[in-house]
Amino acid sequence: MRDRLIEIGRDSIWYFVASAVGSALGFVSIPIFTRLFVPSEYGIYSLVSTVVMIGSPLVYVWLSASAMRFYPEHAKEGTLDVYYSTIYHYMPHFLLLFCGALIPLAAFALPLGGQRAAVCLGIGIFAFNTIYMVLLTLVRARQMAWQYCLFYVLVPLGRYVVGAGMVSLVVGAVRRRC
């Protein structure tokens, strides 16, 4: 019992570190991005980030909740191979729906004006963010606390770098057209 309590405490510390660093990254990113981008560029970045962060939970919450709920049951029955194959089988379908259907729809059919590229990037980011959150839930379900902390911190760092690069590309393309 004592060993189990120590393990829970150690894992809780890892989860706390992940939450604290993730929150600090979000807090620190605001002054960095407001100084890096002019207001219109920051507005595009903010719009895409907000849509992704608001929309993703609507999709990944039910996927993550299902993944978390069924993991112990499959682990107890020894059918984790079925569990993983089910989850990994549908990920390409999910990405195909978003990247293969919704991006072309947004790129060619919707009247989005000058924000077409930003919306298309947002759809792609949304799809991959949802997959990331489901995979993060699998790591949490397996009680791999330090790996969870690592992914929870490194992916947002990469997201900020890639996001800044994408905004620069989109804004550069918009400026060249004007």
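Keep in mind it's a predicted model, so treat the numbers as computed, not measured.

Rules used throughout
- Residues numbered from 1 in each chain as written.
- Predicted model: local features only at pLDDT ≥ 70, side-chain atom pairs only at ≥ 80, totals over all residues.
- Heavy atoms only, no water.
- Helix = DSSP H or I, 4+ residues; strand = E, 2+ residues; numbered from the N terminus.
- Buried < 20%, exposed > 50% of the residue type's maximum accessible area, 1.4 Å probe, protein only.
- Areas by Shrake-Rupley, 256 points an atom, 1.4 Å probe, with all protein chains shown as cover.
- Lys, Arg positive; Asp, Glu negative; His and termini not counted.
- Charge placed at Lys NZ, Arg CZ, Asp CG, Glu CD.
- Core = buried A, V, L, I, M, F, W, Y, C linked by side-chain atoms within 4.5 Å.
- Contact = heavy atoms within 4.5 Å.
- Expected span 1.5 Å × (residues − 1).
- Bend = angle between axes of the 7 residues up to and from the residue.
- Salt bridge = Lys/Arg side-chain N within 4 Å of Asp/Glu carboxyl O.
- Axes fitted to C-alpha atoms, helices over the stretch in contact; angles between N-to-C directions.
- Parallel < 35°, antiparallel > 145°, perpendicular 65-115°, else oblique.
- Left-handed = near helix turned anticlockwise from the far one by under 90°.
- pLDDT = per-residue confidence, 0-100.
- 1 Å grid on protein atoms, 1.4 Å probe; cavity = no way out; pocket = protein on both sides within 12 Å on 5 of 7 lines; lining within 4 Å.
- Points joined across faces, edges and corners; volume = space filled by probe spheres on them.
- Nonpolar A, V, L, I, M, F, W, Y, C, P; charged D, E, K, R; others polar.

## A closer look at the overall build of the protein chain
Helix and strand counts for the protein chain stand at five helices and zero strands. The linear arrangement of helices and strands in the protein chain, starting from the amino end, is α-α-α-α-α. Dimensions of the protein chain along its principal axes, counting C-alpha atoms only, are 65 × 35 × 20 Å. Burial status across the protein chain gives 31% buried among its 178 residues. Accessible area for the protein chain stands at about 11100 Å²; split by element, carbon and sulfur atoms hold 72% of it. Here the protein chain contributes 13 positively and 7 negatively charged side chains, and the mean placements of these two sets differ by 15 Å.

## Focus: the nonpolar core
Counting 30 residues, the largest nonpolar core has Tyr83, Ile87, Phe94, Phe98 and Leu138 as the members making the most contacts within it. When contributions to this core are tallied by element, the ones reaching two or more residues are α2 (39–77), α3 (80–108), α4 (116–141) and α5 (145–177). Among the elements that line this core, the one with the most residues is α4, at 13 residues. Ignoring any residue separated from it by four or fewer positions in sequence, one finds Phe98 in contact with Ile103, Ile123, Phe126 and Ala127.

## Details of α4
Over its 26 residues, α4 runs 38 Å from end to end, which matches the ideal 38 Å to within 8%, given 1.5 Å per residue. Where α4 ends, the next residue or the one after it, Gln143, has phi of about 60 degrees, a positive value.

## Observations concerning α3
In this model, α3 (29 residues) spans 42 Å end to end at C-alpha, consistent with the 42 Å of a helix rising 1.5 Å per residue. The largest bend along α3 reaches roughly 25 degrees and is located at Leu102, with the proline Pro104 sitting one to four residues downstream. Of the residues making up α3, those classed as buried are Tyr83, Tyr84, Ile87, Met91, Phe94, Phe98 and Ala106.

## Considering the pattern of salt bridges
What the rule picks out here adds up to one salt bridge. Between Glu73 and Arg69 there is a salt bridge, with the nearest N and O atoms lying 3.8 Å from each other. Note that Glu73 and Arg69 are positioned in helix α2 at a spacing of four residues, about one turn of the helix. Judged by its relative accessible area of 51%, Arg69 falls in the exposed class.

## Re the packing of α2 against α4
Following both chains from N to C, one finds α2 and α4 inclined at 30 degrees, their axes separated by 7 Å at the closest point. When the interaxial angle is binned, α2 and α4 end up roughly parallel. Here α2 runs over α4; the crossing is right-handed.

## Observations concerning the side chain of Ser64
Among the secondary structure elements, Ser64 is positioned in helix α2. Setting aside chain neighbours within four positions, we find Ser64 in contact with Met133, Val134 and Thr137.

## Things to note about the confidence of the model for the protein chain
Scored by pLDDT, the protein chain comes out at a mean of 79, with 96% of its residues at no less than 70. Mean pLDDT values over the elements of the protein chain span from 76, in α5, up to 85, in α3.

## Let's talk about the layout of surface pockets
Looking at the second largest pocket, its volume works out to about 350 Å³. Lining the second largest pocket are 15 residues, and of these Leu63, Thr86, Ile87, Tyr90 and Val134 sit closest to its centre. Elements with a minimum of two residues in the lining of the second largest pocket: α2, α3 and α4. When residues in the lining of the second largest pocket are grouped by element, the largest group, seven residues, is from α3. Here the residues of the lining of the second largest pocket are counted per class, giving 12 nonpolar, three polar and no charged.

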